[in-house]
Amino acid sequence: MAAKASMERLGLEYLDLYLIHQPFGDYYGAWRAMEEMYRDGIIQAIGVCNFDEARLVDLCINHEILPAVNQIEIHPFHQQTSAIQTMNRYKVQPEAWGPLSEGQRNIFQHRLLRQIADRYEKSTAQIILRWHIQQGIIVIPKSARKERMEENLDIWDFTLDSKDMDAIKTLDIGHSEIINHYSPSTAKILNNTKIH
C-alpha cells in the first residue's frame, strides 16, 4: 500500500495525516484501508482532497470514520463558501491548497488587497493568509524562499476587522481558474496520473 511505502521512504513508524488526493477510482476501497490503518494507529488522522460537497457528504454518510480534513482550493477569488459550510456541518476541517491563488490574477498587487495590507503594515500574502485563518481554514502556502516562509508565519499579531473581511468577500468569482474538477478531461487526466 502507498501509505506503508511512504512510511518506509520517510523512515517513520506512523503518519500524522494521510489523504486521498482525488475522488476518482476506488476511493471507497482506499478509505476502508485507511480506516483500518487509523484503527491500528499507523495513521493518526485520515482525510481527503478535492472532494466536492456531494462526494464528501456521501463518504461521511457511508463510513464509520469521518475525514479529519478536506483539502480544497480556497483563496479570495474562489472562496468555496458553500463547501466550507458543508464541511462544518459534518465536522470536517477545511484546509486550503493554493491559498494565494498560485499568484494568479496578479493577486499580490490586487488594489483592494494592497490597500488592506497597507493599513495593517503587512504584505498582501499575510492579509490573505490571515483572512483564511480567521475563517477557521488551515492554510498550506507554498514557498521555496526562507524569507517568504518566515513572512507567511508572521500573521498572528493582527486581526482583520469585519469591514475588511467583508471587502475580501467581494473578490469571489465563484469558480477555479486553476483546475476544473467537473470536467471529463480533468477526470481522465487525473485517473491516468500515478502519484506513487
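What you are looking at is a predicted structure, and each value in this text was computed from that prediction instead of being measured.

A. Spotlight on the overall build of the chain. Within the chain, the regular secondary structure consists of nine helices and five strands. Reading the secondary structure of the chain in the N-to-C direction produces α-β-α-β-α-β-α-β-α-α-β-α-α-α. Computed over its C-alpha atoms, the radius of gyration of the chain comes to 18 Å, within 12% of the 16 Å expected for a compact globule of 196 residues. Reported as C-alpha extents along the three principal axes, the dimensions of the chain are approximately 50 × 35 × 30 Å. For the chain, buried positions account for 42% of its 196 residues. Within the chain, residue pairs in contact and separated by at least 24 positions form 68% of the contacts whose partners lie at least 6 positions apart. Put simply, the chain has 21 plus and 26 minus side-chain charges, and the middle of one group is 4 Å from the middle of the other.

B. The arrangement of empty space enclosed by the protein in detail. Counted according to the given criterion, the structure contains one cavity of 30 Å³ or more. What the largest cavity holds in volume is close to 30 Å³. Here the lining of the largest cavity is composed, by residue class, of two nonpolar, six polar and three charged.

C. Representation of the packing of aromatic side chains in the model. Per the stated rule, a full pass over the model turns up three aromatic pairs. Here the aromatic rings of Y27 and F51 are separated by 5.2 Å at their centres, their planes lie at 80°, and the arrangement is edge-to-face. Linking Y27 in helix 2 (residues 27–39) with F51 in the loop between strand 2 (46–49) and helix 3 (53–61), this pair joins segments that are 24 residues apart in sequence. With relative accessibility at 10%, the residue Y27 sits in the buried group. The structure contains a cluster of three or more aromatic residues connected by ring pairs, namely Y27, Y28 and F51. Between the NZ or CZ atom of R105 and the centre of the ring of F77, over which it lies, the distance is 5.7 Å.

D. Summary view of the pairing of strand 4 (residues 93–97). Counting buried positions along strand 4 gives four out of five residues, so the element sits mostly inside the fold. Where strand 3 (residues 69–73) meets strand 4, five bridges bridge the pair, whose relative direction is parallel. Bridged to I72 within strand 4 is A96. Chirality of the crossover, the property in question, places the unit of strand 3, helix 4 (residues 81–89) and strand 4 among those that are right-handed.

E. Geometry of the sheet that holds strand 5 (residues 138–140). Reading across the sheet, the five strands line up as 1-2-3-4-5 and stay open at both edges, with parallel pairing between neighbours. A single partner strand is all that each edge strand has here, and the edge strands are strand 1 (18–20) and strand 5. Pairs of neighbouring strands in the sheet enclose a mean axial angle of 30°, with direction left out of account. Where strand 2 and strand 3 come together, two bridges link them in parallel fashion.

F. Layout of the pairing of strand 3. Of all five residues in strand 3, five are buried; the element is thus mostly enclosed. Going residue by residue along strand 3, you find V69, Q71 and E73 tucked away on one face and N70 and I72 tucked away on the opposite face as well. For the handedness criterion, the β-α-β arrangement of strand 2, helix 3 and strand 3 is classed as right-handed.

G. Representation of the nonpolar core in the model. By size, the foremost hydrophobic cluster in this structure holds 26 residues, and its most contacted members are I20, W31, M34, I43, V48, F51 and L56. Where this core is concerned, the elements lending two or more residues are helix 1 (2–10), strand 1, helix 2, strand 2, helix 3 and helix 4. Looking at this core element by element, the count peaks at four residues for helix 2. Every residue in contact with L56, bar those within four places of it in the chain, is listed here: V48, F51, P67, N70, M87 and V92.

About the cut-offs
- Residues numbered from 1 in each chain as written.
- Predicted model: local features only at pLDDT ≥ 70, side-chain atom pairs only at ≥ 80, totals over all residues.
- Heavy atoms only, no water.
- Helix = DSSP H or I, 4+ residues; strand = E, 2+ residues; numbered from the N terminus.
- Rg over C-alpha atoms; globule rule 2.2 N^0.38 Å.
- Buried < 20%, exposed > 50% of the residue type's maximum accessible area, 1.4 Å probe, protein only.
- Contact = heavy atoms within 4.5 Å.
- Lys, Arg positive; Asp, Glu negative; His and termini not counted.
- Charge placed at Lys NZ, Arg CZ, Asp CG, Glu CD.
- 1 Å grid on protein atoms, 1.4 Å probe; cavity = no way out; pocket = protein on both sides within 12 Å on 5 of 7 lines; lining within 4 Å.
- Points joined across faces, edges and corners; volume = space filled by probe spheres on them.
- Nonpolar A, V, L, I, M, F, W, Y, C, P; charged D, E, K, R; others polar.
- Phe/Tyr/Trp six-rings, centres within 6.5 Å; stacked < 30°, edge-to-face > 60°.
- Lys NZ or Arg CZ within 6 Å of the ring centre and 35° of its normal.
- Pairing = 2+ DSSP bridges.
- Right-handed = clockwise from strand over helix to strand, strands pointing away.
- Axes fitted to C-alpha atoms, helices over the stretch in contact; angles between N-to-C directions.
- Core = buried A, V, L, I, M, F, W, Y, C linked by side-chain atoms within 4.5 Å.

Any link to function would need more than the numbers given here.
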